[in-house]
Each structure stands twice: as C-alpha cells, then as structure tokens.
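# Per-entry structural report
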Amino acid sequence: MPALPSSVIEPVWDQFAALLPEHIDTHPLGCHNPRIPDRVVFDKLIQVLVLGAAYERIADASCSATTIRNRRDEWIEAGVFEALEQLCLLAYDRIVGLELENLTVDGCIVKAPCGGEMAGKSPVDRGKQGTKRSLLTDGTGIPLGCVTAPANRHDSPLLRPTLDKLARFGLALPERITVHLDAGYDSTVTRDLLDELGCRGVISIKGFPLQAGARWVIERTNSWHNRGFKKLAICTERRSSVIGAFIALANAVIITRRLLAEAWTTHRWDTRPAKRP
C-alpha cells in the first residue's frame, strides 16, 4: 500500500520533478552502476516521512539507504524542497486564496531521541531531548513557514524569524495583518515587535482560562504534522537542513491535499478523485 494516495502524490511529484537539477555524470570512464531513478528515491523519502521508519528499513533491492540519503542531500543543496513548498503555496493562493489578513503562530515540541543540532532538554518531557517547531499559518491553517529550535527555547524569541517567513510573498501582503497568539507570547516584547512590523496582535492573557479565539486552526495543523508524518512526530534527524527539508515536504503534501479538497467542488480535471479528499 502506498504511503500517500496517488491523487496527492502524483501532482506533488510532477512539481518536484520539474525542479530537479539536471544530473551530470562525472565518472571518468562512464561505466559505473546505472543511476537509480529519481522517482524511486522520491517515493522512498515519502515513506520515510509518513512512516517515520529508518532508511535501512525502507531500503530494498530497488534503492539502498545510502542512495536515499545521498540523493536527499543533493536535493537539499539544490533547494528543491523549499522551492516545492513555495510552488504549492502559490498554487493554493491562485486557485483558492490564502487568508493572509489573519495569521497564527505557535510552537510545538516533539521528541528528538537522537539529539542533533535542533535538540534540547524538553520542558514537557522530563528533560529528554526534544525539538521545537515554531509554525506560521494563515487564517485557515495552511502552513506558511516553520522555524526549528531546541525544545528548551521559549516561543517568544522565535516569533520574529517565524514572521520573517512572510517575505516569501514579497509585496503581495495585505496592508492590515492580525497575528493570533497564545498566552506564551503575552509580553511587552511581543507587542513591541508586532508594532514594529505594523501588525495587530490578538494575544491570550496570562492567568486567565484558555482563550482559543482564532487560534484553533494552528492546533489542527500541528496535528496534521504529527499524526500524518511520523518523521515529524519523532524527529530522528540530527541536521537542521534535513529537518527543514522534511517539514517543507510535509507542508507541500498538506497544501496539496487541502487544495484538492477545496477545488473538488468547484473544479473538474482528468485525474480528479472519485470522492473528496
């Protein structure tokens, strides 16, 4: 059984394949083993992301674990994963429309048992190694960008680099932006930052019962990350670049799935799923 439905993985692969750099054979004799097709390696990476299994368990006669890692690093260096996420966002904005007037930011701590560059003592898991994702979504929960940090970093200092992810939209941002935050951001520093950026803040107040407001969408997106992609729920990667690549790939899948769900009732195409995703 495939890790993802073909209705989701095929359009993601089509965009991914268009971004791949041309491979140049540098072997002096040109007589080494044939290169494993990119599609085979891509499917293996999707399995790693969704199932959270080790590369050695995903590898088989068609592709070794070393090939998966090497091709992954090659694509990271070429910026393919970030470009794929950007293309998916632009497609969603063109067809459905991103709700950039209302943004939500929140942190999510996950396990990082292997340690690494983005691992630190988790305050919610008895000091075990963990990683924090500071996520930015639009008003409907579409992931717009993510910043990773050790689990012992507070949410507030990560707010600026997280909001800086909006730079990917250039001058297409609305004039008035409202940022919805939980009580962890309730500070003068946060309000000064929002004033500096020209944003309005809706921040839950410390010491009062939970005020959900418009923040529920980011909790749903964090659930999409952790329940749909085991590699993100238990982060076993040690390098920040690899973690970022898997997050970008997961975001591309989420955006594509949401695009199909939204367009299913308004558009028709040859490979349209028989039922709404």
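Our subject is the structure that appears above.
What you see is a predicted model, and the numbers here were worked out from it, not measured in a lab.

A few words now on the overall build of the protein chain. Broken down by element type, the protein chain carries 10 helices and six strands. Here the protein chain holds 277 residues, and the buried ones make up 44% of them. Contacts in the protein chain between residues at least 24 apart in sequence constitute 65% of all its contacts with a sequence separation of at least 6. Accessible area of the protein chain: about 14200 Å², with a carbon and sulfur share of 54%.

This next bit is on the nonpolar core. A general feature of soluble globular proteins is that nonpolar side chains tend to end up buried together. Residues Phe 16, Phe 42, Trp 75 and Leu 144 are the most contacted members of the largest nonpolar core, which totals 70 residues. Sort the elements by how many residues they give to this core and helix α10 (residues 240-263) lands first, with 14 residues. Once residues lying within four places of it in the same chain are set aside, the contact partners of Phe 16 are Phe 42, Trp 75, Val 80, Phe 81 and Leu 84.

Positioned with a positive phi, Arg 126 is a non-glycine residue whose angle comes to about 55 degrees. Locating Arg 126 in the fold gives a position in the loop between β2 (120-121) and β3 (129-137).

Definitions and cut-offs
Residues numbered from 1 in each chain as written. Predicted model: local features only at pLDDT ≥ 70, side-chain atom pairs only at ≥ 80, totals over all residues. Heavy atoms only, no water. Helix = DSSP H or I, 4+ residues; strand = E, 2+ residues; numbered from the N terminus. Buried < 20%, exposed > 50% of the residue type's maximum accessible area, 1.4 Å probe, protein only. Contact = heavy atoms within 4.5 Å. Areas by Shrake-Rupley, 256 points an atom, 1.4 Å probe, with all protein chains shown as cover. Core = buried A, V, L, I, M, F, W, Y, C linked by side-chain atoms within 4.5 Å.

Honestly, that's just the spatial picture; any functional story needs more than this.
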